[in-house]
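Below, each chain spelled out in residue letters.
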Amino acid sequence: MTIIPNAFGGAKVQSKSTRSQPVYNPATGEAIATLPLSTAAELDEVVQVAKQAAVSWGTTPPLRRVRHMFKFKELLDRHSHDIARAISSEHGKTHADAFGELARGIEVVDFACGIPHLLKGEFSRNVGPDIDSWSDRQPLGVVAGITPFNFPAMVPMWMYPIAIAAGNTFILKPSERDPSAPMLIWDLFHEAGFPAGVLNIVHGDKEVVDAILDHPDIKAVSFVGSTAIAEYVYTRGTAHGKRVQALGGAKNHMIVMPDADMDKAVDALMGAGYGSAGERCMAIAVAVPIGEKTANHLVEALAPKVRGLKIGPSTDPDAEMGPVITADAKRKISGLIDLGVKEGAELVVDGRGFALQGYESGYFLGGTLFDHVTKDMTIYRQEIFGPVLSVLRANSYDEAVDLINKHEYGNGTAIFTRDGDAARAFADRIEVGMVGINVPLPVPVAYHSFGGWKRSLFGDHSIYGPEGVRFYTRLKTITSRWMTSIRAGADFNFPSTK
Ligand code: NAD
């Protein structure tokens, strides 16, 4: 069985750790690779390599840096289908979905190719007599990223293309559940001619994450994953003086107004609720129809579509959704469905008994639809991260907005309506970081930035786009005057132009 190596200093290096874990194909339940879980000492070795590489990479002219980035983008485009297959084989999502994930990651590479312009500072002449001043954004040095299983290619690409284009060197700790796509991408990165030590990958679990958070030579950490770990990473990383952005979990609501185009709202809920088996931080988990009539209409239209979902392995081109990531995830989601029933929600479609012929050991679940969910139920409060959509009926628009604003998560949300006033007021009042108006998955494009509010993001910076450039650089302001214009004699007053 393949043993997945680390990758640093331009080479693949097998970990000597005594701990390891299997990587599974979730469609079959088969172990397909072994992943050694690296030690803190191994992480230190990687940091030393990245630190050494940062010295010359940070002073390489940005135009030269992005020449490699252009080449990298070209290689990614050329090998997109291979990478998508690697994603699907360990994650389980359909090929088209994996391809789409990668395409969104490549858009960040496109954005990073513009770094010479993005790093241009600001200049002011004559801020005082014969004095000029300019501000400049400089790299931090060695930075790291810790990423979740649900987007094994895209989420790391939210981070390292910008960090590296800005002149930093990067250490990636991918999810231990689907580590192969990042490795394939690392090969292309090196083929693109980046110097050794610029992008490094170290695999592992809590031991290596803690070592990253504590290491004095790592200056910033980007994290994406569940809220409990995001909060832990933020607290521990900042306690060690690092800049940290930690993106956490979500529970995204979609309001369906009585005037919405119901067919389009139903299609949107199907894609955003069940695409990728609901394992997206921007998945819609709660539909909030306004008024009984809208709710009855919505549930009647959704139920047959949920029953009719085409579920299959990623190799089935007709599949709309694949398995969930692990046997544990399947158990946890099924347990939450049990709890929903116990707490009194109406189970309209039950996905627990789903089995796929020939794939009986895979981690498949059918689509599940709950109606009459209330705000005190566990299935409403907790992130389920599976193919489960809850319908929570609201009597009014104000009630729906209040519900969303009071939820602990604030990642994404959407409203479906034909009423421009209601949509505009929604965008203003809602306490959520990313808002869709007749758009169910409002994931910002690469030249905007991605980030939730409340317990969906810890830290001051959203990720990628202009916020990514700010996060991975620090501002320096230089004030200069040449000797000929300096008057003799010390001046003890605070400098001003008065
Ligand atoms: P996770 O929190 O289990 O793992 C994320 C990373 O943290 C992994 O690299 C993992 O190795 C590491 N980790 C796990 N436990 C740890 C511990 N105890 N100490 C230190 N490190 C630890 O998340 P996941 O299950 O891989 O991903 C799903 C979660 O990610 C969901 O909650 C989802 O909403 C969230 N997510 C959020 C966003 C976003 O942009 N806000 C995007 C994608 C996923």
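Below you will find a few notes about this structure. Please read these numbers as outputs of a predicted model, since none were measured by experiment.

What counts, and where the lines are drawn
Every chain is numbered independently, its residues counted from 1 as its sequence is written. Reporting in this predicted model follows two pLDDT cut-offs: at least 70 for local features of residues, and 80 or more for side-chain atom pairs to be given and counted; totals over whole chains, interfaces and linings ignore these cut-offs and use all residues. The basis for the side-chain values is all heavy atoms of the structure; hydrogens and waters are excluded. Note on pairing: DSSP must find at least two bridges between two strands before they are called paired. Each helix is a run of DSSP H or I of at least 4 residues and each strand a run of E of at least 2, with the numbering of both proceeding from the N terminus. Between N-to-C directions, angles span 0 to 180 degrees; the directions come from axes that are lines fitted to C-alpha atoms, helices contributing only their stretch in contact. Contacts between residues were defined by any pair of non-hydrogen atoms, one from each residue, lying within 4.5 Å. Each nonpolar core is a collection of buried residues, namely Ala, Val, Leu, Ile, Met, Phe, Trp, Tyr and Cys, held together in the definition by side-chain atoms within 4.5 Å. Throughout, exposure labels follow a simple rule: accessible area from a 1.4 Å probe, protein chains only, divided by the maximum for the residue type, with under 20% read as buried, over 50% as exposed, and the rest as partly exposed. For every domain, the bounds stem from an assignment made automatically or drawn from a database.

1. Things to note about the sheet that holds strand β14 (residues 284–289)
For step 1, the next point in the chain: Read from one edge of the open sheet, 7 strands run β15-β16-β17-β14-β13-β19-β20, paired in mixed fashion. Here the strands that pair on one side only, and so sit at the sheet edges, are β15 (346–349) and β20 (434–437). Ignoring strand direction, the axes of neighbouring strands in this sheet form an average angle of 20°.
For step 2, the next point in the chain: Sheet topology note: the strand β16 (residues 368–371)/strand β17 (residues 388–391) ladder contains 3 bridges and is parallel. Within the sheet, the bridge partner assigned to Leu369 lies in β17 and is Leu389.
For step 3, the next point in the chain: Packed onto the sheet, helix α11 (residues 292–307) meets β13 (252–256), β14, β15, β16 and β17 and runs at close to 50° relative to β15.
For step 4, the next point in the chain: Helix α14 (residues 397–406) rests against β13, β14 and β19 (412–416) of the sheet, and its axis sits at about 175° to β13.

2. Considering the nonpolar core
For step 1, the next point in the chain: By size, the foremost hydrophobic cluster in this structure holds 68 residues, and its most contacted members are Met69, Phe72, Trp158, Ile164 and Phe170.
For step 2, the next point in the chain: With 10 residues, helix α6 (residues 154–165) is the largest single contributor of residues to this core.
For step 3, the next point in the chain: Two domains each put at least three residues into this core: domain 1 (2–248 + 456–478) and domain 2 (252–437).
For step 4, the next point in the chain: Not counting residues up to four positions away in its chain, the partners in contact with Ile164 are Trp57, Arg65, Met69, Phe170, Phe189, Phe194, Val198 and Leu199.
For step 5, the next point in the chain: With 67 residues, the next largest nonpolar core counts Val286, Ile333, Ala345 and Val349 among its residues.

3. A few points about the environment of Ile229
For step 1, the next point in the chain: Here Ile229 lies in helix α9 (residues 227–239).
For step 2, the next point in the chain: Considering only alpha carbons, one finds Ile229 and Ala246, 17 residues apart in sequence, at a separation of 8.7 Å.

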